[in-house]
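Observations on the three-dimensional arrangement
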Amino acid sequence: MRHIALLGATGSIGRSTLDLISRHPDRYRASILASGSRVDALVALCVTHRPDHAVIADEAAFGALKAALASAGLPTRAHAGDDALCGLVAGDGCDTVVGAIVGAAGLRSTLAAAGAGKRLLLANKESVVMAGDLLRQAVQASGSELLPVDSEHNALFQCLPHPAAAPASSVRRLILTASGGPFRGRPREALARVTPAEACQHPNWSMGRKISVDSATLMNKGLEVIEAGWLFDVEVDRIEVVVHPQSIVHSLVDYVDGSMLAQLGNPDMRTAIAYGLAWPDRIDAGVAALDLVAASSLQFEAPDNEAFPALGLAFDAARQGVAATTVLNAANEVAVSAFLQGQIGFLRIADVIEGTLQHDVGAAGGDLAERLELDARARRMAADLVRKWPTEREGAVR
Ligand SMILES: NC(=O)c1ccc[n+]([C@@H]2O[C@H](COP(=O)([O-])OP(=O)(O)OC[C@H]3O[C@@H](n4cnc5c(N)ncnc54)[C@H](OP(=O)(O)O)[C@@H]3O)[C@@H](O)[C@H]2O)c1
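This section reports on the structure supplied with the text.

Analysis parameters
Residues numbered from 1 in each chain as written. Predicted model: local features only at pLDDT ≥ 70, side-chain atom pairs only at ≥ 80, totals over all residues. Helix = DSSP H or I, 4+ residues; strand = E, 2+ residues; numbered from the N terminus. Rg over C-alpha atoms; globule rule 2.2 N^0.38 Å. Buried ≥ 20, exposed ≤ 12 C-beta atoms within 10 Å, placed from the backbone. Contact = placed C-beta atoms within 7 Å. Axes fitted to C-alpha atoms, helices over the stretch in contact; angles between N-to-C directions. Parallel < 35°, antiparallel > 145°, perpendicular 65-115°, else oblique. Left-handed = near helix turned anticlockwise from the far one by under 90°. Nonpolar A, V, L, I, M, F, W, Y, C, P; charged D, E, K, R; others polar. Near = placed C-beta within 6 Å. Pairing = 2+ DSSP bridges.

A look at the overall build of the protein
Looking only at helices and strands, the protein features 16 helices and 11 strands. At 21 Å, the protein has a C-alpha radius of gyration in line with the 21 Å of a compact globule built from 398 residues. Judged by the C-alpha coordinates and their principal axes, the protein covers about 60 × 55 × 45 Å. The buried share of the protein, taken over its 398 residues, is 49%. Restricting the contact set of the protein to residue pairs at least 6 apart, pairs at least 24 apart contribute 69%.

Structure representation (structure tokens):
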């Protein structure tokens, strides 16, 4: 029986993970459920899954969580804040951690799980983008099993030899597929006035709002390029992105002998999560078998770097190193949040990121505290740029 700490339990990945746990009660139990600020949603999950611990990140919500668990008659203990979460993640109450908090807020708990030698199913790509070096050190020191949940990285993990059966030199390229998002095929000038609601209407996947906007700008793919570099120890210039609107081929490995291995499946995150939960075994994920005849034709095309400049910014940052990718991630989080709140237009997201990257906000440093300071400085810089733009005529296209 695996005892699972599910971080980001109330989100999209959280829901998919709990569905899998419910399908296999003989194999998995949610022992720790954690979320950000929505007490009611977290307590509703506790009623169904009866974890030992429930953790809310918002410390002001501790009283409400404690009272709601008690009034529901649950034995679940209430906790609040990131320190409490990191302590629980590293403790004896779980052997497996699903890292599905959105954004840099997931970094400390990701590193806590890796440092404590847990099996870590990682969806929180932002923590790899800003601290892939620290994550790798923690995994190597503790012997943690790091299993990627991002569907593209999960696909690559499935297509790469294990454990290191063939040398890295046998791989020519990693190819990440991208759906192209809701605005695929539109020219840059048509994107100036798109709304948050349109940006969150992903054609193939149902996801949280932040990653949905990242998919619309193609920054999601940029973050994934950086993530793949760290997870598979491949330099960025051997990673390519190809747009594949059907989201059936989840990514590919191109080997030097001319073989190309791909992982295919219906677009449902339960496949990737199930693979991480059961690895090296496989379990029924409740996902329908892929019908190749119904899928019929699979298209592949090059990304439009002019309409979607965020992807190029991510490649550039990856070439510069972890300080630049930390700044890129921080600026993206600030800009996406501003877009979702109606403070800036869609095209300004990439402008804010580019503008922040042009400022010298300092070095990455070699430890977590320094990395978080760099993240904070980059956020302040990006927020300054956001404040500058609403005065402009929105819709102006460079
Ligand atoms: N959704 C997908 O298909 C998918 C695919 C690949 C990778 N990912 C990655 O997985 C992560 C989660 O994505 P998602 O789509 O599941 O997001 P989501 O639906 O927005 O859920 C986010 C989760 O994080 C929690 N949270 C927010 N701020 C927090 C904080 N400061 N501390 C602790 N928890 C916090 C939320 O809690 P509240 O509900 O209380 O706010 C919620 O449980 C992201 O990094 C995303 O890039 C997602």
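Notes on the packing of helix α7 (residues 151-159) against helix α11 (residues 269-278)
When two helices pack together, their arrangement is given by the angle between the helix axes and the distance between those axes. At a minimum axis distance of 9 Å, the contact between α7 and α11 shows a crossing angle of 50°. Our classification of the angle between α7 and α11 gives oblique. Seen from above, α7 lies across α11 with left-handed handedness. Mapping the contact onto sequence places S151, N154 and Q158 in α7 and M269, A272 and Y275 in α11. Taken together, the residues that form the contact of α7 with α11 break down as three nonpolar, three polar and no charged.

Here's the deal with the site of the ligand
In the vicinity of the ligand, 28 residues are found, and the nearest of them are G11, G36, A57, A105 and G208. Elements represented by at least two residues in the shell around the ligand include exactly α1 (12-23), α6 (125-142) and α9 (209-217). The element contributing the most residues to the shell around the ligand is α1, with three residues. Split into classes, the residues belonging to the shell around the ligand amount to 13 nonpolar, 10 polar and five charged.

Points about unusual backbone geometry
Here the residue pair W279 and P280 is connected by a cis peptide bond, since its omega of 5° sits within 30 degrees of zero. In this model, L218 sits at a positive phi of 75°, which is unusual for a non-glycine residue. For L218, the position within the fold is in the loop between α9 and α10 (219-232). For L218, a count of 29 C-beta atoms within 10 Å corresponds to the buried category. Non-glycine residue D233 carries a positive phi angle of around 55°. Position of D233 among the secondary structure elements: in the loop between α10 and β9 (239-243).

So, the sheet that holds strand β4 (residues 77-80)
Here we have seven strands laid out as an open sheet, ordered β4-β3-β2-β1-β5-β6-β7, and parallel in their pairing. Here the strands that pair on one side only, and so sit at the sheet edges, are β4 and β7 (145-148). When strand polarity is set aside, the average angle formed by the axes of neighbouring strands in this sheet is 20°. Two strands pair when backbone bridges link them, and strand β1 (residues 2-7) and strand β5 (residues 96-99) are joined in this way by four bridges, in the parallel orientation. Within the sheet, the bridge partner assigned to L7 lies in β5 and is G99. On top of the sheet, helix α2 (residues 39-49) reaches β2 (28-35) and β3 (53-56); it is set at about 170° to β2, its chief contact. Helix α4 (residues 82-90) rests against β1, β2, β3, β4 and β5 of the sheet, and its axis sits at about 145° to β3.

Side note on the pairing of strand β10 (residues 249-255)
Pairing analysis gives five bridges linking strand β8 (residues 171-178) to β10, with the strands arranged antiparallel. Looking across to β10, one finds that I175 is bridged to L252. Judged from the five bridges that link them, β10 and strand β11 (residues 260-264) form a sheet pairing that is antiparallel. Residue pairing across strands places V249 opposite L264, the latter belonging to β11. As consecutive antiparallel partners, β10 and β11 are separated by four residues, and within that stretch G258 has a phi angle of approximately 95°, a positive value.

Some thoughts on the packing of helix α13 (residues 310-320) against helix α15 (residues 346-358)
Contact geometry for α13 and α15: axes closest at 10 Å, N-to-C directions at 25°. Classified by the angle between their axes, α13 and α15 sit roughly parallel to one another. Remark: the crossing between α13 and α15 carries left-handed chirality. Facing A310, L313 and A317 of α13, the residues of α15 in contact are I349, A350, I353, E354 and L357. When its residues are assigned to classes, the contact of α13 with α15 shows seven nonpolar, no polar and one charged.

Quick notes on the sheet that holds β9
Across the sheet, which stays open at both edges, the four strands sit in the order β9-β8-β10-β11 with mixed pairing between neighbours. Strands at the two margins of the open sheet, each flanked by one partner only, are β9 and β11. Neighbouring strand axes in the sheet, compared pairwise and without regard to direction, differ in orientation by 20° on average. Against the sheet, α10 contacts β8 and β9, and its axis sits at roughly 150° relative to β8.

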